[in-house]
Amino acid sequence: MANLQEKPTSSSRPKLNFGSKWDYAPAPESTAVVDIAPEYGQFIAGEFVPPSSGQTFETINPATEEVLSRVARGCQADVDKAVTAARAAYEGTWSKISAPDRGKYLYRIARLIQDRSREFAVLESMDGGKPIKESRDVDIPLVAQHFFYHAGWADKLEYAFPNQTVSSLGVAGQIIPWNFPLLMAAWKIAPALACGNTVVLKPAETTPLTALLLAKVIQEADLPPGVVNVVTGDGEAGAALASHPGLDKVAFTGSTEVGKAIRRSAKTRNVTLELGGKAANIIFEDAPIDQAVEGIINGIYFNQGHVCCAGSRLLVQESVHDEVVQKLSDRIATLRVGDPLDKNTDIGAINSREQYDRICSLVEAGKAEGAEFHQSDVPVPGKGFFFAPAYFTGVAQSHRIAQEEIFGPVLSIMTFRTPDEAVAKANNTKYGLSAGIWTDKGSRIFKMLSKMNAGVVWANTFNKFDPSSPFGGYKESGWGREGGAQGLGAYLEVK
Amino acid sequence: MSSLSLASLLSPGAFDRPVDQVGANERAAKFTKRSIKTEAKHQGLLMAISMIDLTTLEGKDSPGKVRQLCTKGIQPDPEDLSLPHVGAICVYPSMVRTAASALEGSGVNVASVATAFPSGQLALSERLKEVEQAVSDGADEIDMVINRGAFLSGRYQEVFEEIVEVKKACGPAHLKVILETGELESYDNVRRASHIGMMAGADFIKTSTGKVSPAATMPVTLVMLEAIREHYLETGRKIGMKPAGGIRTSKQALHYLVMVKETLGDDWLTPDLFRIGASSLLNDILMQLAKQRTGAYQSADYFSND
Amino acid sequence: MRLNVIKTYKLYVGGKFIRSESGYTIERHSKDGEFLGHACKGSRKDLRDAVKAARSAQAGWAGKTAYNRGQILYRIGEMLEARSEEFAELMHAESGASLEECLKEVETAVDRCVYYAGWTDKLDSVIGTVNPVAGPFFGFSVPEPTGVVGIVADPSTALIGMLSQVLPVISTGNTCVVLPADDYPLTASEFGEILSTSDVPGGVVNILGGVQEPLNPHLAKHMDVNAISLSNAAADTEDLYVSEGAENLKRIRSGEADWMQPDAHSLSEIQKFVETKSVWHPVEA
């Protein structure tokens, strides 16, 4: 019946007009709730202490390029102190308190985070550039949920490994990235503590502030000193921690390149890694297209595309390619880029100048390789690091933009004709973190998901996270899982 | 009819495109996260007033009640004469003459429900007669109900042909086709019924009669807006949208406007293409505007209850 | 007296018994100095071919039903049981251990086959999960094979170590390439014959032979090998696999084990070679 009408020719094709007839006024979230100190020390043995070297570095707001605070530049001596404190806490208190009490501490932390959720959200957006809408509605609620979930595991660990015996490992060194600063801290700290370990956490250089606020919450929770230690700094502190001989466990989330180096340098064999990705988001012609387009948006423009499991490669069946691209083009015209603290901002600031430059250089590579670049012409602030949502069409599997992680709001679109071709293209990568499948046909979903070499497969949805759902990669996307019963294995000795 | 080719029959068309309910709900919820403040709020509320089909559809409706409502529709707030009038006054067929005379020259349209509203359970000939009468009595717009019984038993052709007949009976009057989405239940059905309505000649498609729960919801309206978008991109014809029932607050109205703006674009932000079927919404908007003007939260006692 | 026929021992790659492309062999004698045969000396090209065979067999093996894989693992046990004396004699000749000890080792090996045969169609139910996510989604996680596994066979035993490494790996649908222990290449080759008569599809288990040490760096660096199984390996061997294997993040199993213990088998041996895949799908309200 849809075809009874004469179709207009392509030149006369009607266009939607996403103009300025009704502009939304600025709706900035107040920053009154946060109180940023001019300078922060390291959190070691329950106290904030100045760095051994006496050196600090700036952390800036990437949306304004203004300095927010100065934080301690950690070095080997700080890491030594922190590991010593964590060891003492492990042997002195944490391994001795009862499992239910370990759980109760974690519940307490979960509740304190909920109490201060707005403060955390605003601070996260200021330090990292992500839209307040996401830090408020996604990051911080998931952080609290993560602590709450793992709190319950503390006295039930044996149920996760039936007929096997479990014991804690000792001291865990944990190094986390800048894309989900507090959430990654929660993903690391909560299971480690629930399993009875103590922790030295090294937040990313560009986003230390929420980890330091978490340290304050941990102080408020009255966690025994040294159970959680936070050492800020750059790659030097990270390397010192990763290769520290006093650790029983190293956990890292970040780039594949650094992950490999950590695997090599770690003195412990017990290493879990959550690394890069180049996920295929596969759209079949029978998919619920309008929801699939939302899945694309959520897949690649969520958190400025700074997402390891981003749906950065769109594989669309040839028969619906034009329709999907048209809808995507209309849709990104409505994405608002700008002040991360504005409640109507969809895409905030790129986390750092370095990352901004990397995105630009890969985009240039894509253009040079012959792919067609399309970018929304929404207004972008003059100051700060902003990149309007964009996509490439006509991408070939051999292009760099089809192989390398851009880690920005840039999508690479390719086509396929048959399910097997989609499988082959999806798996044709060194990564294996996530994949998306969009089709109305149940049996095809099961075929596709069983063939995806990926640790997380979203069918008819994308970028969903939950502490009960194990997350992690195949191949060079990582080793080990975070979340769920399976994730506990990373912090336990199982026999 | 060259487009009735094998290729077009085999290719997946808008009519049969599935809708994922969870995805549609998720998307609809995102519009409610938009924060509409100050000037944008003021502008949005004025727009909303001009889009209201101010409605009374009760057994106890009387000429007196309808005249009062018309007065309100023409001049919503005697304290603020700068406000626009509503889009239309929506009544039963028996009240069309009263409404038409009360609204004459005001620019406010007379909308009449017809076709054995709300159930539609009368012979087609009777329903058509009712439409013709309402139009000749002065209705500018006819809000018909589709034959849900036929739809749910898969007799789509029958649904389609009835709408075509009603459209003919409307003559110059605009036709709004009520899907009664609360009875269609699934979004797949809503999408399919939307396309049938549009292809059969609807000027507007409308969610509900207001007599069945659930009435208008954000996701159902979104699914219909997406069908309108598809129809427009395929044919170049702009079809209007009318959610009705359940929209009672300014905040809700603004959410719907956000959804229209971000789904169909600026062209649909006009009473010619977007209406809200409502009764209590108008006073809530007036209270919000007064709050913006005065800075004080308002009391219902200060706004006429018509 | 009849002149006996001396067996030609070969590599087992892609379901075929082949000579090393290098043409090199190693003379094998029993402890008493009796000539047993020539073991083919697997080269890095043989390794390359074996990995290729393992890769092409992997999807098909993983695609078989768990019940089917279980029957095939059980069949390995049946074949071993049927040839236990013959096997024990070869092991006795090659290792110098007493015939009785060797027979015991074969019997333990048969029991191990039975143990892992039983796991294939239970693993998903035991370690798979339904994830109660906070939203309108159905979530579940299933174990899936890691892919192609390099097995550096336990140097301390002729059969039971290697077998205890192979079985958990293949039970879930992985395929593997085995570097046999330097001291027991003939036993390993003979084990290939068991596999080839046990309905194990060609390429699922590939057995090289010769000397592990020169092959280690090539296996450690091979970009199409997803995991490595080490057992009672020297510390520098493990270091090599950790540092070279990091390039494509090979999962590595290592550690000391006494495989002759009747309970030297476990679920966790299987878990070291599976990946968890988590799946989400919307659920209508």
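The numbering scheme is per chain: residues are counted from 1 as the chain's sequence reads. Chain A is the first chain written and ligand 1 is the first ligand written, with later ones labelled in order. Two thresholds apply to this predicted model, a pLDDT of at least 70 for residue-level local features and 80 or more for giving and counting side-chain atom pairs, whereas whole-chain, interface and lining totals are computed over all residues. Side-chain metrics in this entry use all non-hydrogen atoms of the structure; hydrogen atoms and water are not considered.

**Comments concerning the nonpolar core**
And then number 1: Residues enter a nonpolar core if they are buried and are Ala, Val, Leu, Ile, Met, Phe, Trp, Tyr or Cys, with the set joined through side-chain atoms within 4.5 Å. Buried means the residue's accessible area, taken with a 1.4 Å probe over protein chains only, is under 20% of the maximum for its type, while exposed means over 50%, and partly exposed covers the values in between. Grouped together as the largest cluster of nonpolar side chains are 113 residues, with contacts concentrated most on Ile113(A), Phe147(A) and Tyr301(A).
And then number 2: Note on conventions: DSSP H or I runs of at least 4 residues are helices, E runs of at least 2 residues are strands, and numbering of each starts at the N terminus. Element by element, the count of residues in this core is highest for helix H6 (residues 181-194) of chain A, at 11 residues.
And then number 3: When residues are assigned to domains, this core turns out to be shared by domain 1 (39-274 + 474-494) and domain 2 (277-459) of chain A, each giving three or more.
And then number 4: Here, two residues are considered to be in contact whenever any of their heavy atoms come within 4.5 Å of each other. With near-sequence residues (within four places) excluded, Ile113(A) lies in contact with Phe120(A), Ile140(A), Val143(A), Ala144(A), Phe147(A), Leu214(A) and Val217(A).
And then number 5: Core analysis: the next-biggest nonpolar cluster, separate from the first, contains 98 residues, Ala99(B), Ala173(B), Leu282(B) and Leu286(B) among them. The start and end points of each domain follow an automatic or database-based domain assignment.

**What to know about the interface of chain B and chain A**
And then number 1: Of the residues lining the interface, 54 residues belong to chain B; the matching set on chain A comes to 47 residues.
And then number 2: Interface area for chain B against chain A, summed over the two sides, is near 4500 Å², with a carbon-plus-sulfur share of 52%.
And then number 3: Salt bridge criterion: a side-chain nitrogen from Lys or Arg within 4 Å of a carboxyl oxygen from Asp or Glu. In this structure, Glu294(A) engages Arg27(B) in a salt bridge whose closest nitrogen and oxygen atoms are separated by 3.2 Å.
And then number 4: The term polar contact refers here to a pair of N or O atoms within 3.5 Å; inside protein, the definition further demands a hydrogen-donor-capable atom paired with an acceptor-capable atom, and it admits residues adjacent in sequence only when both atoms are side-chain atoms. Between chain B and chain A we count 23 residue pairs in polar contact (both at pLDDT 80 or more) in total.
And then number 5: For the side of chain B that touches chain A, the elements supplying multiple residues, two or more each, are helix H1 (6-10), helix H2 (21-31), helix H3 (38-50), helix H8 (156-170), helix H10 (187-200), helix H11 (218-235) and helix H12 (250-264) of chain B. A 1.4 Å probe defines the accessible area here, and the buried area is the portion of it lost by two parts on being joined, summed over both.

**Overview of the packing of aromatic side chains**
All names here are of chain A.
And then number 1: Two aromatic rings from Phe, Tyr or Trp, using only the six-membered ring of Trp, form a pair when their centres are within 6.5 Å; if the ring planes differ by under 30 degrees the pair is stacked, by over 60 it is edge-to-face, and anything between is tilted. Tallied over the entire structure, the rule returns 21 aromatic pairs over all chains.
And then number 2: Ring centres of Tyr149 and Trp153 lie 6.4 Å apart, and the angle between their planes is 80°; on these two criteria the pair is classed as edge-to-face. Of the two residues, Tyr149 and Trp153 both sit in helix H4 (residues 132-153), 4 residues apart, roughly one turn of that helix.
And then number 3: Residue Tyr149 is classed as partly exposed on the basis of its relative accessible area of 22%.
And then number 4: The exposure class assigned to Trp153 is buried, which follows from its relative accessible area of 15%.

**Observations concerning the pairing of strand S17 (residues 434-438) of chain A**
All names here are of chain A.
And then number 1: In terms of residue burial, S17 counts as a mostly covered element, since 5 of its 5 residues are buried.
And then number 2: Where burial is concerned, the two faces of S17 agree: the one with Ser434, Gly436 and Trp438 and the one with Ala435 and Ile437 are both buried.
And then number 3: Examined bridge by bridge, strand S12 (residues 280-283) and S17 share 4 bridges and lie parallel to one another. Within the sheet, the bridge partner assigned to Ile283 lies in S17 and is Trp438.
And then number 4: A pair of strands is labelled paired if DSSP reports no fewer than 2 bridges between them. The pairing of S17 with strand S18 (residues 456-459) spans 4 bridges and is classified as parallel. Looking across to S18, one finds that Ala435 is bridged to Val457.

**Thoughts on the interface of chain C and chain A**
And then number 1: Facing the 34 residues of chain C at the interface are 37 residues of chain A.
And then number 2: For the pairing of chain C and chain A, the buried interface totals around 3000 Å² over both sides, and the portion due to carbon and sulfur atoms is 53%.
And then number 3: Three residues, Leu249(C), Lys277(C) and Trp280(C), lead the burial of chain C against chain A; their summed loss comes to 23% of the area buried on that side.
And then number 4: Applying the counting rule to chain C against chain A returns 5 salt bridges.
And then number 5: Between Arg269(A) and Asp239(C) there is a salt bridge, with its nearest N and O atoms 2.4 Å apart.

Note that every value here comes from positions in space, so none of it alone points to a role or purpose.
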